[in-house]
Amino acid sequence: MSGCQNLVTENVSVVEGDTAIISCRVKNNDDSVIQLLNPNRQTIYFRDMRPLKDSRFQLVNFSDNELRVSLSNVSLSDEGRYVCQLYTDPPQEAYANITVLVPPGNPLIEARDQILQEGNQTEMTCTAMSSKPAATIRWMKGDKELPGKPRVELTYDKMYTVTSRLTFTVGREDDGVPVICIVDHPAVKDFQAQKYLEVQYKPEVKITVEFPQGLTREGENLELTCLSKGKPQPQRVSWVKVDDDMPPHAVIIGADLYIENLNKSYNGTYRCTASNSVGESFDDYVLYVYDSRAGEGAARAMDHAVIGGVVAVVVFAMLCLLIVLGRYFARHKGTYFTHEAKGADDAADADTAIINAEGGHTNSEEKKEYYI
């Protein structure tokens, strides 16, 4: 907001080709005349009349307190300082700066490499052409922001061209991930371009045991499968026995290895190797052939252990029951002895207590007889 206290206006930012609104407002007007001048101080509007022969200027509102004017199809040549003027003594002026925003052209991404290999470094550039003011460029790889190096050029028509250069190293996890160039500018929203990465990588190899599910015993069969994944997809998968020849019964069909009628001479490390144009990888399986009855003894031992555990629990429970019953009977027996020894409370020793206890009965009988 600028100008004298009584006359107010605001600066305006407008996108090229859009419409700008210029408002001259008076807080307390005493019937003074309001007019609007262009940056060359030519009168656009005098009250509600337009002396300037430019039909892009139109009256939006006119009253004692406001002169509001629209300027359609704004171009760069319309930029500058517009003057709101109030004919008072002395005259008052307020200034509205019109800034024209020019959006950049569609962002362009260029990649140095179309196909990459994991571990390699690559470079991309993104260009936002001819904008005003200069655009800002950000980079995203998937959901992670990466730092670019921007370069700003001022062109002959006073426009800005911004180029951002991005350098990064790719891994196999980047295959199929988009690299996004985001252009930030006050004249546009959500302006972006993207390019999907294509990354080649050497195979990932894993051996799985299809059969047997448990121990590998003598006389049984073995089936291994070699799973491999890479980009490009591995064309060649090979099986070898490390530091030894393959068993005579071994059969290789594609990625599968079959060995019939296992014996201990087949023990060792079996290796599956897969390769593509990027490189090769392998996985190892260590075969150990057990006795034909291996594992059964362990199962029996486990059964004996379970039975022994059950027996121990039962014996423990019986012991606990006997202890409880013993304490119960002991308590009741103690009560009986207590009744028998009632006469012993006042006795000096055990013999006296016995005499007192027996005598007590005799005396009572004698008393009964005496009174009869």
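Residues numbered from 1 in each chain as written. Predicted model: local features only at pLDDT ≥ 70, side-chain atom pairs only at ≥ 80, totals over all residues. Heavy atoms only, no water.

> Can you help me understand the overall build of the protein in this one?
Along its length, the protein carries two helices and 25 strands. Counting the 372 residues in the protein, one finds 33% classified as buried. Partitioning the contacts of the protein with sequence separation of at least 6, the portion at a separation of at least 24 is 61%. Working note: accessible area of the protein is about 23100 Å², and carbon and sulfur atoms make up 52% of it. (Helix = DSSP H or I, 4+ residues; strand = E, 2+ residues; numbered from the N terminus. Buried < 20%, exposed > 50% of the residue type's maximum accessible area, 1.4 Å probe, protein only. Contact = heavy atoms within 4.5 Å. Areas by Shrake-Rupley, 256 points an atom, 1.4 Å probe, with all protein chains shown as cover.)

> I'm lost on the packing of aromatic side chains in this one. Help?
The relation between two aromatic rings is expressed through the spacing of the ring centres and the mutual angle of the planes. Scanning the entire structure with this criterion turns up two aromatic pairs. A centroid spacing of 6.3 Å and a plane angle of 65° characterise the contact between Phe-46 and Tyr-87, whose relative ring orientation is edge-to-face. In this pair, Phe-46 is assigned in strand E5 (residues 43–46) and Tyr-87 in the loop between strand E8 (80–86) and strand E9 (92–101), connecting sequence segments 41 residues apart. Note on Tyr-87: relative accessible area 44%, which makes it partly exposed. (Phe/Tyr/Trp six-rings, centres within 6.5 Å; stacked < 30°, edge-to-face > 60°.)

> Please clarify how the nonpolar core should be interpreted in this entry.
Side chains of a nonpolar character, in soluble globular proteins, are inclined to be buried together. Formed by 24 residues in total, the largest nonpolar core has its most connected members in Leu-36, Phe-57, Tyr-82 and Ile-98. Secondary structure elements with two or more residues in this core: strand E2 (12–15), strand E3 (20–26), strand E4 (34–37), E5, strand E7 (66–71), E8 and E9. Residue contacts for Leu-36: discarding those within four places in its chain leaves Ile-22, Cys-24, Gln-42, Thr-43, Ile-44, Tyr-45, Leu-67, Val-69, Tyr-82, Val-83 and Cys-84. Of all hydrophobic cores here, the second largest spans 22 residues; its members include Leu-116, Val-162, Phe-191 and Val-199. (Core = buried A, V, L, I, M, F, W, Y, C linked by side-chain atoms within 4.5 Å.)

> I keep staring at the sheet that holds E5 and nothing clicks. Help me out?
Backbone hydrogen bonds are what pair the strands of a sheet, in a parallel or an antiparallel way. The five strands are arranged E2-E9-E8-E4-E5 in an open sheet whose pairing can be described as mixed. Lying at the two open borders of the sheet, with one neighbouring strand each, are E2 and E5. Across the sheet, the axes of successive neighbouring strands diverge by a mean angle of 20°, strand direction being ignored. Across seven bridges, E8 lies against E9 in antiparallel orientation. (Pairing = 2+ DSSP bridges. Axes fitted to C-alpha atoms, helices over the stretch in contact; angles between N-to-C directions.)

> Help me understand the pattern of salt bridges in this model?
As a working rule, side chains carrying opposite charge can pair if their charged atoms are close by. Enumeration over the complete set of coordinates arrives at 18 salt bridges. Two residues, Arg-25 and Glu-10, come together in a salt bridge whose shortest N-O distance is 2.5 Å. In this pair, Arg-25 is assigned in strand E3 and Glu-10 in the loop between strand E1 (7–8) and E2, connecting sequence segments 15 residues apart. Residue Lys-141 pairs with Asp-174 through a salt bridge whose shortest N-O separation is 2.9 Å. Highlighted residues: Lys-141 in strand E13 (residues 136–141) and Asp-174 in the loop between strand E16 (160–169) and strand E17 (178–185), separated in sequence by 33 residues. The class of Lys-141 is buried, set by a relative accessible area of 17%. Residue classification places Asp-174 among the buried positions, given a relative accessible area of 5%. (Salt bridge = Lys/Arg side-chain N within 4 Å of Asp/Glu carboxyl O.)

> Quick question: what am I supposed to make of the sheet that holds E3 here?
The sheet built from four strands is open, its strands ordered E1-E3-E7-E6 with antiparallel pairing. Each end of this open sheet is capped by a strand with a single partner; those strands are E1 and strand E6 (57–62). Of the pairings in the sheet, the one linking E6 to E7 comprises five bridges and is antiparallel in character. Across the sheet, the residue bridging to Asn-61 is Arg-68, located in E7.

> Quick question: what am I supposed to make of a nonpolar patch on the surface here?
A cluster of nonpolar side chains, Leu-215, Tyr-288 and Tyr-290, forms an exposed patch at the surface whose accessible area comes to about 280 Å². With respect to the element layout, Tyr-290 can be found in the loop between strand E25 (280–287) and helix H1 (296–340). Classification of Tyr-290 by relative accessible area gives partly exposed; the value is 33%. (Patch = residues over 30% accessible without salt bridge, like charges linked within 9 Å, V, L, I, M, F, W, Y side chains within 5 Å.)

> Sorry, what's going on with the environment of Thr-122 here?
Mapped onto the elements, Thr-122 comes out in strand E12 (residues 121–131). With eleven residues separating them in the primary sequence, Thr-122 and Ala-111 have C-alpha atoms 7.9 Å apart. If we skip the residues at most four places from it in the chain, Thr-122 touches Arg-112, Asp-113, Leu-116, Leu-166, Thr-167, Phe-168 and Val-170. Among the polar contacts made by the side chain of Thr-122, one reaches the side chain of Asp-113 at a distance of 2.9 Å. (Polar contact = N/O pair within 3.5 Å; in protein donor to acceptor, adjacent residues only side chain to side chain.)

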